[in-house]
Amino acid sequence: MAQRLIPGLPAGATGARAGAFLALVAGVALTHLWLTRALAERMSELSAAAAMPARIEVVYVRTLEPEAPRPLAPVAVAAAPAAPRAPRAARSGARPATAVEERPV
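Residues numbered from 1 in each chain as written. Predicted model: local features only at pLDDT ≥ 70, side-chain atom pairs only at ≥ 80, totals over all residues. Heavy atoms only, no water.

Undergrad: Before we move on, can you summarise the overall build of the protein with the specific residues and values?
TA: Helix and strand content of the protein: three helices and zero strands. Per element, the accessible surface of the protein, about 11200 Å² overall, is 65% carbon and sulfur. (Helix = DSSP H or I, 4+ residues; strand = E, 2+ residues; numbered from the N terminus. Areas by Shrake-Rupley, 256 points an atom, 1.4 Å probe, with all protein chains shown as cover.)

Structure (structure tokens):
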């Protein structure tokens, strides 16, 4: 249909484009298949190299034995209350606290 709309386009041009497109698709598909196969081979080599040997797996297995509990820290004993203080002696120039002064009214 495009041949009729575009003047000067040769009659076999669409067939050549279709063939080129199919060749491109086939080339890309083959390249992807080849790269996928190469990647799968590398991944299988990595997984084989990463596997741990059985003798190393056994080294980490051991029986856990219960231990005696650790002794607790000694309990702190509360300090005895301080002894009551003796009352202070009166100063030499001070009046006794019981003396009451009377003022004339």
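Now that the structure has been shown, we can carry on.
Undergrad: Explain the pattern of salt bridges to me, using residue names and the numbers behind them.
TA: With the rule as written, the count across this model stands at one salt bridge. With a closest N to O distance of 3.0 Å, Glu41 and Arg37 form a salt bridge. Taken together, the residues span about one helical turn, with Glu41 and Arg37 both in helix α2 (residues 13-50) at a distance of four residues. (Salt bridge = Lys/Arg side-chain N within 4 Å of Asp/Glu carboxyl O.)

Undergrad: Summarise a nonpolar patch on the surface; cite the residues concerned and give the values.
TA: On the surface, Phe21, Leu22 and Val25 cluster together into a nonpolar patch covering about 320 Å² of accessible area. With respect to the secondary-structure elements, Leu22 resides in helix α2. (Patch = residues over 30% accessible without salt bridge, like charges linked within 9 Å, V, L, I, M, F, W, Y side chains within 5 Å.)

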